[in-house]
Structures are given as structure tokens and as C-alpha cells.
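# Results of the structural survey
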Amino acid sequence: MIRLHDIAHSRAGDKGNTSNISVIAYDQEGWEIIQQHLSVEVVSEAFAHITNGPVFRYELPKLQALNFVIEGALGGGVTRSLAQDPHGKALSSLMLSIQLDI
Amino acid sequence: MKHTEFLRIGGGAGFSDDRIPPAVELAELGDIDYLVFECLAERTIAREQQTKLQNPSKGYTPRLQERMAAVLPACVAKHIRIVTNMGAANPESAANETRKLAKELGLGDVSCAVVTGDDVTELVRAHPELEIMENGLPVESLLPQMIASNAYLGADVIVKALETDAQIIITGRVADPSLFLAPMMHEFEWSYDDLERIAAGTVCGHLLECGAQVSGGNFADPGKKVVDRLSELGNPFADVAANGSFSISKVAGSGGLVSLATVKEQLLYELHDPSQYITPDCVLDVTDLELIQLAKDRVQVLSARGKPRTPSYKVTVGYDDGYIGEGQISYAGPNALERAKWGAQIVQDRLKQRGFSYSEFRIDYIGMSSLHGLPENKVEPYEVRLRLVVRTPSKTAAQAVGFECRALHLNGPTGAGGGIDPLVKPVLAVQSVLIPRHWIDSKIQVRRMG
């Protein structure tokens, strides 16, 4: 098992009720791992208790980064959410707590 | 006189309540040509429209005077031009206040140019058929509660304002990267046909628009991502060449870090499909971007691509969405979580007994589940802070939650401490629609003052 926090870093952004969370590898080895193993399914499962919304995954090989777009993750939208963290800024660390089974 | 080869643009603020000294540092020590302040969050402009209705001389960013007073002396002395969206719902008043302030500071007659025409409230009201981007429904349902609608204008109108030669450009709603792209288009005489340059300038604006988020802020992770002196964090600037290549750096000696990693994080911040980031100026593609660490705290950015701008403006529709009510209280030590859970149930029972119901009711156990939700197998913490939050159209019903939560001090499980006074806030929510550019292009205006 590898924890994502050990091989990548992350930042979460918000637009309406959608959170986008980047996952950026520290090096080539980390990039190969996240490219192969950090799938839409893995991320959807980690966020399943927050949203059932679709998850989209984009690859940026030149930057050794992935960008995940997670719909419905922000409690109805930043401007109307009841959440303590309506922007979902802290969701980047939920992403990094994912354990990859490799 | 126009620069023809080279321009340095500073990112003065990333939000309306951002630190002020880093912008002063940029102006005094950064050798910058332009200082840009992005200070307008999604819903802020609708809130300022409400303020303006109550007081026609207000409606600009509340911290305008504080921020301007700090940077004007250096900007006037060094002929640094300022571009900002601090005008919010009232750019004219913001310009009047800025000019008044400059006189009071003994800086003389400082010229401003204001951009207006982003307020499309009446236009949206006249087009109930417009489709809400978030849910596909007609905007009609929001119209009775609509407070204001504003279009995200692009860099072209800011360029017109810069052509007046006014020192300070004050706008309402424009797209954040456009604030930075405009000085490049103006100084280098780029047109919208120069797609690669427009794309490069848009990426540059995107990297600078959140202030220190590209220079070490919202990045550090102890033992993992090391950043020095966050209390003296320097804001970024970009050195832009006329061909569109640019590098990001910060004032030497300031705290923080500009590295490949900080630039990558900010590049992907609030981006969805990286091959299609829509702004009023282009459809940006960053998938081929190259980043090079040129020196300590300096990263070069190459190979941005773009497609032509779309025929639409994005509009945020701000509307009254009722009230949020909140209460909080804490428990600690043995059985803390069980007592907090029971407290939450008691408050819910009381509210039901009093005849209140809510469209949404959220229970957080701070220290356990308030940020990442409540997955299974979570370790029980030593202290738990209960947070109860509701949404309701009724202010009375919103207040009742905090009241009943605070009453747990005397009426709930043992040892409840630190209850807060009930919180109630009106909710100003936003949704988006698209409108054709030609609906408003003729109404967008630039006016020079002084």
C-alpha cells in the first residue's frame, strides 16, 4: 500500500457545487504510479460519502499531474453550502489520504 | 510611453481581505510596471449591489481606501499603473474615493478610468428563458429572488480604459485573468488574433490572480513541502516578453517560494478540463505547457495554446436564498462523542416540538467529521465540537437552532462547554447563465476621471 501523500501533492479549487482537485507527482516514479493506479473508480470511492456526482479525470503528462473534477462535492455550492469549509479547500488532504493498493 | 519588449506585472491581492503589505513591497521594491488587484469573489458584487441600493455612494469593495492608501504613494512616485476590480457594483464611486484619497495624501490629481456595463440585471429579468448552467433549468425560477446579475467582461474593455492613459483602472465584474492580460495587450499591441500570446497572457493572469497562492501560500506541508517565512510571504510578479513568454517570480528577500510545484498547483487551481478553460478572451489549453525553473524563485512558462473566444459572456445571477442558522458547543473526555450526538438529537427534538422544519439540516462533529465527512472507522477524538447548521426561508427558524444548541449548557448531557451565541446569516447564492456578447457590447463604457 502506498499513501498518496507520500508521492504527490494536491490543491483543491471550487466552482459552484463542483470541486476540482489536482494530484501532482513529486517525481517520475510517483507519476507512473498515479497515472496507472489513481483511477476515477478509486477517487469516486474515496469521496462516496460526500457525493455521488460524476468524477472526471484529466491527465497532464508534461506536468506529471492529474486533475480530478468532482461534481456535487460542495454541499449545494460555495455560496449556499452549510459546510464549515464551503470551498472544500480541505478536500485536497482527503485526496492525499487515499491508499493505493500496489 | 509604451514598453515594447518587456513588462513586469505584480499580483497585489488574491481576495478582498488579503494581506496588504505584500502589495506595498511589490510597489516599493519590485520594479513593477503594473499592480493588479483581484478582489471580487463570485457573489460579492451582488452583495455590493444591495449596499449601493441603500447608499448610492457605496457599493465598491469595502477595503478600497485601506488598500489604495497603502500603495498609492509608491505607485504615484514610480508611475506604476493600477488595474483592479475593486469597483464592484460602483466603479465610479470607487474612482471618486481613490482620487479624493490621493489628494488627502498629498499625491495630487490622480487620474482614473472606470469600466461599466457589466450589470445585466434587467437584461436577465427580460429573458426568463435563459438556461442556468448548473442545472439546465430556465432562470425564471430565480427571478423573484434575484438581487443582481453581472457579466464577466474580458480584457478588451480594460485595454480601452488603459488607452485613456489614466493611471488607475477600476472595473466591476471582469474575468480575473483579463485584469492581467489587458496590460499585455495594451503595451505589446496584441490583438485577439494573436492566439498564442492571448493564451500565454491568460495563463499568466490565472497564475497571478490568487496572489501568494503561486509564491508559497496554501502550499506548505511541514516536513514534506517546505516554505520559509510564511508570515512575510511575498506576492508574485510576472516578467512578460512581447512574444508572450513569461516567468513568475517574487521580490528578492521576501518569504515564500516560487517553484515548479507551486506553479503547477496554482495552474490547476479552479481549472476543470485543462484543454478547454473558457475565459472571455480565449479558450485556453494548458496541456502542452512547459515549466522551467530558471533560478531560485523564478519559473518560466512556455507553450500555452488557445482557441478563439466564444460568442458568449458568462453571467452570475445573485439571488436571495433564505437564511442559514448555526449553533456550536463542545464536549471533551470520556464519552465525548456520545454526548455530542445526544446533544444533536435533543436540539432536533426541541426544534420539532416548537414546530420548525428545515429544508437542510447539517450535523458536524468538529475534530472528526466537519471537513472530510464521516467515513467509517474514524478514530474517536478526545474533544468534539458539535456544530448544527440549517437552511430555511424563515429568520426565526434559523435563530432557533443556535438558541437550542446554546441551551444544551444547562439542559443537555453533562459537561457541555463553550456554546456560541446563535448565528444567523442571510444567504446570497449565485448561479450562472450565458448571454450573447452582442446583447451588451454596445453598452460597455469607459470613462476617464481626472
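Residues numbered from 1 in each chain as written. Chains lettered and ligands numbered in written order. Predicted model: local features only at pLDDT ≥ 70, side-chain atom pairs only at ≥ 80, totals over all residues. Heavy atoms only, no water.

### Brief notes about the overall build of chain B
A tally of regular secondary structure across chain B gives 12 helices and 18 strands. Over its C-alpha atoms, taken along the principal directions, chain B stretches across nearly 75 × 55 × 50 Å. Counting over 450 residues, chain B shows a buried share of 57%. Sequence separation of 24 or more characterises 75% of the internal contacts of chain B that already satisfy a separation of 6 or more. Averaged over its 46 positive side-chain charges, chain B has a centre that lies 4 Å from the centre of its 57 negative ones. (Helix = DSSP H or I, 4+ residues; strand = E, 2+ residues; numbered from the N terminus. Buried < 20%, exposed > 50% of the residue type's maximum accessible area, 1.4 Å probe, protein only. Contact = heavy atoms within 4.5 Å. Lys, Arg positive; Asp, Glu negative; His and termini not counted. Charge placed at Lys NZ, Arg CZ, Asp CG, Glu CD.)

### Side note on the environment of Ala199(B)
Residue placement: Ala199(B) occurs in helix 8 (residues 195-208). If sequence neighbours within four positions are ignored, Ala199(B) has contacts with Cys282(B), Leu284(B), Ala304(B), Arg305(B) and Gly306(B).

### Regarding the pairing of strand 10 (residues 282-285) of chain B
A regular strand places its side chains on the two faces of the sheet in alternate fashion. All names here are of chain B. A two-sided burial pattern is seen for strand 10, the buried positions comprising Cys282 and Leu284 on one face and Val283 and Asp285 on the other. In this structure, strand 9 (residues 277-278) lies alongside strand 10, joined through two bridges in antiparallel fashion. Bridge pairing links Ile278 to Val283 in strand 10. Where strand 9 folds back on strand 10, the antiparallel hairpin that results is connected by three residues. Pairing of strand 10 with strand 13 (residues 305-308) involves four bridges; the strand directions are antiparallel. Bridged to Val283 within strand 13 is Lys307. (Pairing = 2+ DSSP bridges.)

### Some words on the interface of chain A and chain B
A common measure of how large an interface is: the accessible area buried when the components associate. The partner chain B presents 49 residues to the 39 residues of chain A that form the contact. Around 3,700 Å² of area is buried between chain A and chain B when both sides are counted, 54% of it from carbon and sulfur atoms. Of all residues in chain A, Arg11(A), Thr79(A) and Leu82(A) bury the most surface against chain B, accounting for 24% of the area lost on that side. If you look at where chain A meets chain B, you find three salt bridges. (Buried area = accessible area lost by both parts, 1.4 Å probe. Salt bridge = Lys/Arg side-chain N within 4 Å of Asp/Glu carboxyl O.)

### Structural notes on the pattern of salt bridges
Where charged atoms from two side chains of opposite charge approach closely, those side chains can pair. Residues and elements named next belong to chain B. If you walk through the whole model with that rule in mind, you get 28 salt bridges over all chains. Between Glu404 and Arg350 there is a salt bridge, with the nearest N and O atoms lying 3.2 Å from each other. Of the two residues, Glu404 sits in helix 11 (residues 395-406) while Arg350 sits in helix 10 (residues 336-353), which places them 54 residues apart along the sequence. Judged by relative accessible area, Arg350 falls into the partly exposed class, the value being 34%. A salt bridge links Arg354 to Glu404; its shortest N-O distance comes to 2.9 Å. Of this pair, Arg354 sits in the loop between helix 10 and strand 15 (360-366) while Glu404 is found in helix 11, placing the two residues 50 residues apart along the sequence. Of the residues examined, Arg354 reaches a relative accessible area of 37% and is grouped as partly exposed.

### Examining unusual backbone geometry
Although it is not a glycine, Gln64(A) adopts a positive phi angle of roughly 50°. The phi dihedral of Asn335(B) is positive, around 70°, even though this residue is not glycine. Along the chain, the position of Asn335(B) falls in the loop between strand 14 (312-332) and helix 10. Relative accessible area serves as the criterion here: at 48%, Asn335(B) is assigned to the partly exposed category.

### Quick word on the sheet that holds strand 5 (residues 65-71) of chain A
Residue and element names in this part refer to chain A. Pairing is antiparallel across the open sheet formed by four strands, whose spatial order is 2-3-5-4. Unpaired on one side and paired on the other, strand 2 (8-15) and strand 4 (55-60) mark the two borders of the sheet. Strand-to-strand twist across the sheet, computed as the mean angle between neighbouring axes with direction ignored, equals 20°. (Axes fitted to C-alpha atoms, helices over the stretch in contact; angles between N-to-C directions.)

### What to know about the side chain of Asp118(B)
Residue and element names in this part refer to chain B. Mapped onto the elements, Asp118 comes out in the loop between strand 4 (112-116) and helix 5 (121-125). Buried and unpaired, Asp118 has Arg173 as its nearest opposite-charge partner, separated by 6.2 Å. In this structure the side chain of Asp118 is engaged in a polar contact, spanning 3.0 Å, whose partner is the side chain of Asn150. In this structure Asp118 touches Ile45, Ser149, Asn150, Ala151, Leu153, Gly172 and Arg173, once residues within four positions along its chain are discounted. (Polar contact = N/O pair within 3.5 Å; in protein donor to acceptor, adjacent residues only side chain to side chain.)

### Considerations on the confidence of the model for chain B
Should pLDDT be low for a region, the predicted coordinates there are not to be read in detail. This prediction gives chain B a mean pLDDT of 96; 99% of its residues lie at or above 70. Taken together, the chains of this predicted complex give a pTM of 0.96 and an interface ipTM of 0.98. (pLDDT = per-residue confidence, 0-100.)

### Concerning helix 11 of chain B
All names here are of chain B. For helix 11, spanning 12 residues, the distance from its first C-alpha to its last is 17 Å, which sits close to the expected 16 Å at 1.5 Å a residue. Ala397, Ala398, Ala400, Val401, Gly402, Glu404 and Cys405 are the residues of helix 11 that are buried. Buried residues along helix 11 sit against strand 14, helix 10, strand 16 (383-392), helix 12 (408-411) and strand 17 (423-436). The distance from a side-chain oxygen at the start of helix 11 to the backbone nitrogen of Thr396 is 3.3 Å, and the residue carrying that oxygen is Ser394. (Expected span 1.5 Å × (residues − 1).)

### Thoughts on the packing of aromatic side chains
Residue and element names in this part refer to chain B. Tallying each qualifying case throughout the model produces two aromatic pairs over all chains. Ring geometry for Phe188 and Trp190: centres 5.4 Å apart, planes at 35°, overall tilted. For the pair shown, Phe188 and Trp190 are each scored as buried. Centre to centre, the rings of Tyr358 and Phe361 are 5.9 Å apart; their planes meet at 75°, and the pair counts as edge-to-face. Take Phe361: its relative accessible area is 27%, and that puts it in the partly exposed class. (Phe/Tyr/Trp six-rings, centres within 6.5 Å; stacked < 30°, edge-to-face > 60°.)

### A word on the state of the cysteines
Residue and element names in this part refer to chain B. Following the criterion strictly, the structure yields zero disulfides over all chains and no others. Of all cysteine sulfurs, the one in Cys282 lies closest to Cys204, which takes part in no disulfide; the gap is 13 Å. What makes Cys204 buried here is its relative accessible area of 0%. (Disulfide = S-S within 2.5 Å.)

### Quick word on the sheet that holds strand 6 (residues 168-170) of chain B
All names here are of chain B. The 10 strands are arranged 11-12-8-7-1-2-3-6-4-18 in an open sheet whose pairing can be described as mixed. Where the open sheet ends on each side, the last strands, each with one partner, are strand 11 (290-295) and strand 18 (445-449). Recorded for the sheet is a direction-independent mean angle of 20° between the axes of neighbouring strands. Of the pairings in the sheet, the one linking strand 1 (residues 6-13) to strand 7 (residues 236-241) comprises five bridges and is antiparallel in character. Across the sheet, residue Leu7 finds its bridge partner in strand 7, namely Val240.

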